[in-house]
Amino acid sequence: PTDRFACGNYAGRWLFGRDSQFELIYNAIDVTAFSPSIEKRCAIRSELDIDDSTMVVGHIGRFMKQKNHHFLLKIFDEVLKKQPNSCLLLVGTGELVNDIVNMAKSMGIADQIKFLGQRSDVYDLYNAMDVFCLPSLYEGLPVVGVECQAARVPLVASSEVSSELMLSTLVKFEDLSTDPSVWADDLIACAGKTSEPTDAFEKFDITKAAENLVELYERCASRVAVEK
């Protein structure tokens, strides 16, 4: 290849080699769609039958080994011991859905978990969440983490997730070897916190990212034209 692009440093090193040269094209989002809204919070919680006093832990991701839902349930079980009036929203589908449903039932916490399946209104669902948990076994630069910060939802993530995700003070990293009760303490402590994204967040704004992408293509096209 004459040009190499990646959606994050972690992904670029994995794809092209640790010492390779590449340029970043971030997976951008429509930031305005994720703007927090009290009206949407009330509407979504009403739809899901969640009262305003309930602490809602959210997770969005495919039900697969990488996303580590088994550990997430252990964390949430500890959350319930410390703050019984809590709820876990699980958004997504995948091959492990039934395993996780059965695990929740065997742990006696299924009634506090809402399996929402595939949703087309994810940007609205963030409004119902007080904190997000992402205990992935491995992860590059997850779009859900960017969306969380756009929606002003604090996030506790595995230290296996790329540090590039730290776009605001809303992100806290925790090691997967740490006891689930510590993760639970983190989630409870972070719930409800708010912060404005830093300047580093601008590169994920779809308007700016689109302009950058056009410039990259124009640069490549002009070089090809000269070579011809």
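In this text the structure is predicted, and so the values were computed from the model without any measurement.

Got a minute to help me understand the pattern of salt bridges in this structure?
Charged atoms that come close allow side chains of opposite charge to pair. For the structure on display, the rule yields 13 salt bridges. Connected through salt bridges with shared partners, the residues D3, E23, R219 and R223 form a single ionic network.

Would you mind going over the packing of helix α3 (residues 69–82) against helix α7 (residues 180–190) with me for this structure?
Two measures define how a pair of helices packs: the angle their axes make with one another and the distance between the axes. Close contact between α3 and α7 brings their axes to 8 Å; oriented N to C, the two are set at 65°. Crossing geometry of α3 relative to α7 is assigned as right-handed. In this structure, α3 contributes F71, K74, I75, E78, V79 and K82 to the contact, and α7 contributes P180, S181, W183, A184, D185, L187 and I188. Among the residues forming the contact of α3 with α7, the class breakdown is 8 nonpolar, 1 polar and 4 charged.

Explain unusual backbone geometry to me, please; I cannot follow it from the model alone.
Negative phi is the rule for most residues except glycine; trans is the rule for most peptide bonds. The backbone phi angle of D49 is positive, close to 60°, even though this residue is not glycine. In this structure, D49 sits in the loop between α2 (38–47) and β3 (55–60). On the accessibility criterion, D49 (68% relative accessible area) is exposed.

Would you mind showing me how to read the pairing of strand β4 (residues 86–91) here?
Remember that side chains alternate between the two faces of the sheet whenever the strand is regular. When you tally the buried positions in β4, you get 6 out of 6 residues, the bulk of the element. Neither face of β4 is open: one carries S86, L88 and L90, the other C87, L89 and V91, and all of them are buried. Where β3 meets β4, 6 bridges bridge the pair, whose relative direction is parallel. Along β4, the bridge assignment pairs V57 with L88. Bridge analysis of β4 against strand β5 (residues 113–117) gives 4 bridges, and the strand direction is parallel. Its bridge partner being in β5, L88 is matched across the sheet by I113.

How should the environment of H70 be read in this particular structure?
As for its placement among the helices and strands, H70 is situated in helix α3. A residue is classified by how much of its surface remains accessible, and H70, at 35% relative accessible area, is partly exposed. Expressed as a C-alpha distance, the spacing of H70 and A104, which sit 34 residues apart in the sequence, is 9.1 Å. Setting aside residues no more than four positions away along its own chain, H70 makes contact with L96, I100 and M103.

Rules used throughout
Residues numbered from 1 in each chain as written. Predicted model: local features only at pLDDT ≥ 70, side-chain atom pairs only at ≥ 80, totals over all residues. Heavy atoms only, no water. Salt bridge = Lys/Arg side-chain N within 4 Å of Asp/Glu carboxyl O. Axes fitted to C-alpha atoms, helices over the stretch in contact; angles between N-to-C directions. Helix = DSSP H or I, 4+ residues; strand = E, 2+ residues; numbered from the N terminus. Left-handed = near helix turned anticlockwise from the far one by under 90°. Contact = heavy atoms within 4.5 Å. Nonpolar A, V, L, I, M, F, W, Y, C, P; charged D, E, K, R; others polar. Buried < 20%, exposed > 50% of the residue type's maximum accessible area, 1.4 Å probe, protein only. Pairing = 2+ DSSP bridges.

These figures come from the coordinates and say nothing about function on their own.
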